[in-house]
Amino acid sequence: MNKKTIILFFILGVFFYLFSIVEMSFFPFYNVFIFKISLSLVIPILICLFEEPEKLLGVYAAFWAGFFADTLSFSMYYGIMTITMVLAAFLIKLILLKYVRVPSSAWLSKIQG
Amino acid sequence: MNSIIKKRTVFTIVLLAIVFMGLNFWGGNSVKNFFYKQSSGLQGFLWRSGSEASFAKKNQEELNKKLLEENQKLVSRLADLDSLKKENETLRQALSIGLKNDFDLIMAEVTAKNNFSVKGVAYGDSLLINKGRIDGVQKGFPVVLANKILLGKVVDVYDNFSRVMMITSKDSVIDVSVENTDTFALAKGAGDQKINLDMFPKDKELKEGALVITSALGSAYPSGLAIGTIDKIIGLDSESFKKASIKPAYNLDTLSNVFIIKNIVIFDE
């Protein structure tokens, strides 16, 4: 991990901490989404789907989203969401890397090049 | 290089798993309490802002129209109630049925609500309140609103905070009785702020709008607390019991201060 990655990792932590707080204390009054889903758990999945499969931003995001779901939310067993999210992120990356090609803006350069 | 990264990844995951498994047995609640404490001010502010904004929004035309209709009905009932008022006051003094007189209470403020649930993994329809072990809160204590409306019960206690499972949670089952029927049934949480009446005898009459209250049969809650009113009867002829949906008596938009009942004997369920 270089210095830039470490800073990015902790910025993601602060973002997910604040986002989880807003999600738990402000969003319950509004039917923002059609389905009752936790947006903080969906964001890392979306990052994993649309970033380059070799990069790890989605995994870091998944770690923090899972960690704050365990800590601030109402998880019955500590760590279950963190581990599930990290494993899900790795699984998505593995599938994308080996089996699937999802149209992604980040891959345009590769297709052209 | 690739194998080193893979080894490191596997090692990180295993280490994470060990740390988190450890937190389930030791220190997990302290970590949660630490984060709740740090964010409690901001969460309280966001909850109040959300509540006020949401209530104001919904309070417009639709609510005004509804209130006007209700007001007309209430005016006609006022005359009847006036004569009953004196009688009621005498009875109230005699029986001491005020909430404060009945129970030993701890007042708390709601700071957060969970909007994500997985059965057996995460509590759905649960609230975080700003009173915990230090304030005398214990697991299983019922949580009510000022007007004797049942909100749920405490399922987790930290040093300064507690987690309340609402009556609408899928894990909630309450023994209830329905007004004017002398019949016992079950109120089962259906999640997403919904609650259903179940096991109501088929031969008994069930009316829409009837009040559902906690019964003396259940050991988890004191009897006589309001759950809600019968909204829609959904029982089929082929089924041996009647079912109905219950409209919860509380309004999430105005939920701010709640009361935890202290002096209750809790039985293991």
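What you see is a predicted model, and the numbers here were worked out from it, not measured in a lab.

Rules of the game
Residues numbered from 1 in each chain as written. Chains lettered and ligands numbered in written order. Predicted model: local features only at pLDDT ≥ 70, side-chain atom pairs only at ≥ 80, totals over all residues. Helix = DSSP H or I, 4+ residues; strand = E, 2+ residues; numbered from the N terminus. Buried ≥ 20, exposed ≤ 12 C-beta atoms within 10 Å, placed from the backbone. Contact = placed C-beta atoms within 7 Å. Pairing = 2+ DSSP bridges. Axes fitted to C-alpha atoms, helices over the stretch in contact; angles between N-to-C directions. Core = buried A, V, L, I, M, F, W, Y, C linked by C-beta atoms within 7 Å. Domains from an automatic or database assignment. Nonpolar A, V, L, I, M, F, W, Y, C, P; charged D, E, K, R; others polar. Parallel < 35°, antiparallel > 145°, perpendicular 65-115°, else oblique. Left-handed = near helix turned anticlockwise from the far one by under 90°. Expected span 1.5 Å × (residues − 1). pLDDT = per-residue confidence, 0-100.

Caption draft 1: Broad picture of the overall build of chain A. Assigned secondary structure in chain A consists of five helices and zero strands. The helix and strand sequence of chain A, counted from the amino end, reads α-α-α-α-α. Each of the 113 residues in chain A was classed as buried or not, and the buried ones make up 42%. Contacts in chain A between residues at least 24 apart in sequence constitute 55% of all its contacts with a sequence separation of at least 6.

Caption draft 2: Region of the structure containing the pairing of strand β12 (residues 257-261) of chain B. Residues and elements named next belong to chain B. Direction of pairing for strand β1 (residues 105-113) relative to β12: antiparallel, over a ladder of five bridges. Its bridge partner being in β12, L105 is matched across the sheet by I261. Pairing analysis gives two bridges linking strand β3 (residues 142-144) to β12, with the strands arranged antiparallel. Within β12, the position partnered with V144 by the bridge is F259.

Caption draft 3: Expanded view of the environment of A65(A). Topologically, A65(A) is positioned in helix α3 (residues 57-71). Sequence-wise, A65(A) and Y17(A) are 48 residues apart; in three dimensions their C-alpha atoms are separated by 8.1 Å.

Caption draft 4: Highlighting the sheet that holds strand β2 (residues 126-129) of chain B. Residue and element names in this part refer to chain B. Spatially, six strands are ordered β1-β2-β5-β4-β3-β12 in a closed barrel, and the strand pairing comes out antiparallel. On average, each strand axis in the sheet is tilted by 45° relative to the strand beside it, whichever way the strands run. Where β1 and β2 come together, three bridges link them in antiparallel fashion. When the bridges of β2 are listed, V110 appears paired with I129.

Caption draft 5: Spatial organisation of the nonpolar core. Judged by nonpolar contacts, the single largest core of 73 residues is most densely connected at W64(A), A65(A), L151(B), A187(B), V212(B) and I227(B). At ten residues, α3(A) tops the list of elements feeding residues into this core. Residue-level mapping places this core at the junction of two domains, with at least three residues from each of domain 1 (2-57) and domain 3 (105-269) of chain B. Every residue in contact with V212(B), bar those within four places of it in the chain, is listed here: V176(B), V178(B), A187(B), L197(B), I227(B), G228(B), T229(B), I230(B) and I246(B).

Caption draft 6: Geometry of the interface of chain A and chain B. With 26 residues of chain A at the contact, the number on the chain B side is 33 residues. Going through the elements one at a time, α1 (3-25) and α4 (80-98) of chain A are the ones with two or more residues in the side of chain A that touches chain B. Across the side of chain A that touches chain B, the residue classes tally to 18 nonpolar, seven polar and one charged.

Caption draft 7: Highlighting unusual backbone geometry. Despite not being glycine, M199(B) shows a phi value in the positive range, around 60°. Tracing the backbone shows M199(B) in strand β8 (residues 194-201).

Caption draft 8: Spatial organisation of the pairing of strand β9 (residues 211-214) of chain B. Note: strand β6 (residues 173-178) of chain B against β9(B), three bridges, orientation antiparallel. Residue pairing in the sheet places V176(B) in a bridge with T214(B) of β9(B).

Caption draft 9: Fine view of the sheet that holds β9(B). Residues and elements named next belong to chain B. The six strands are arranged β6-β7-β8-β11-β10-β9 in a closed barrel whose pairing can be described as antiparallel. Sheet twist, expressed as the average angle between the axes of neighbouring strands with direction ignored, equals 45°. Examined bridge by bridge, strand β10 (residues 226-233) and strand β11 (residues 241-248) share five bridges and lie antiparallel to one another. Its bridge partner being in β11, K232 is matched across the sheet by S245.

Caption draft 10: Fine view of the packing of α3(A) against α4(A). Residues and elements named next belong to chain A. The geometry of α3 relative to α4 is characterised by a closest axis approach of 7 Å and an angle of 160° between their N-to-C directions. Considered as vectors, α3 and α4 are oriented roughly antiparallel to each other. For the pair α3 and α4, the crossing hand works out as right-handed. Touching G58, V59, A62, F63, A65, G66, F67, A69 and D70 of α3 are I80, M81, T82, T84, M85, V86, A88, A89, F90 and K93, all from α4. When its residues are assigned to classes, the contact of α3 with α4 shows 13 nonpolar, four polar and two charged.

Caption draft 11: Highlighting α3(A). Taking 1.5 Å per residue as the helical rise, α3(A) with its 15 residues ought to reach 21 Å, and the 21 Å between its terminal C-alpha atoms agrees with that figure. Burial runs high along α3(A): 14 of the 15 residues are buried.

Caption draft 12: Spatial organisation of the confidence of the model for chain B. Confidence in the prediction for chain B averages 78 pLDDT; 76% of positions are at 70 or higher. With a pTM of 0.72, the predicted complex shows an ipTM of 0.74.

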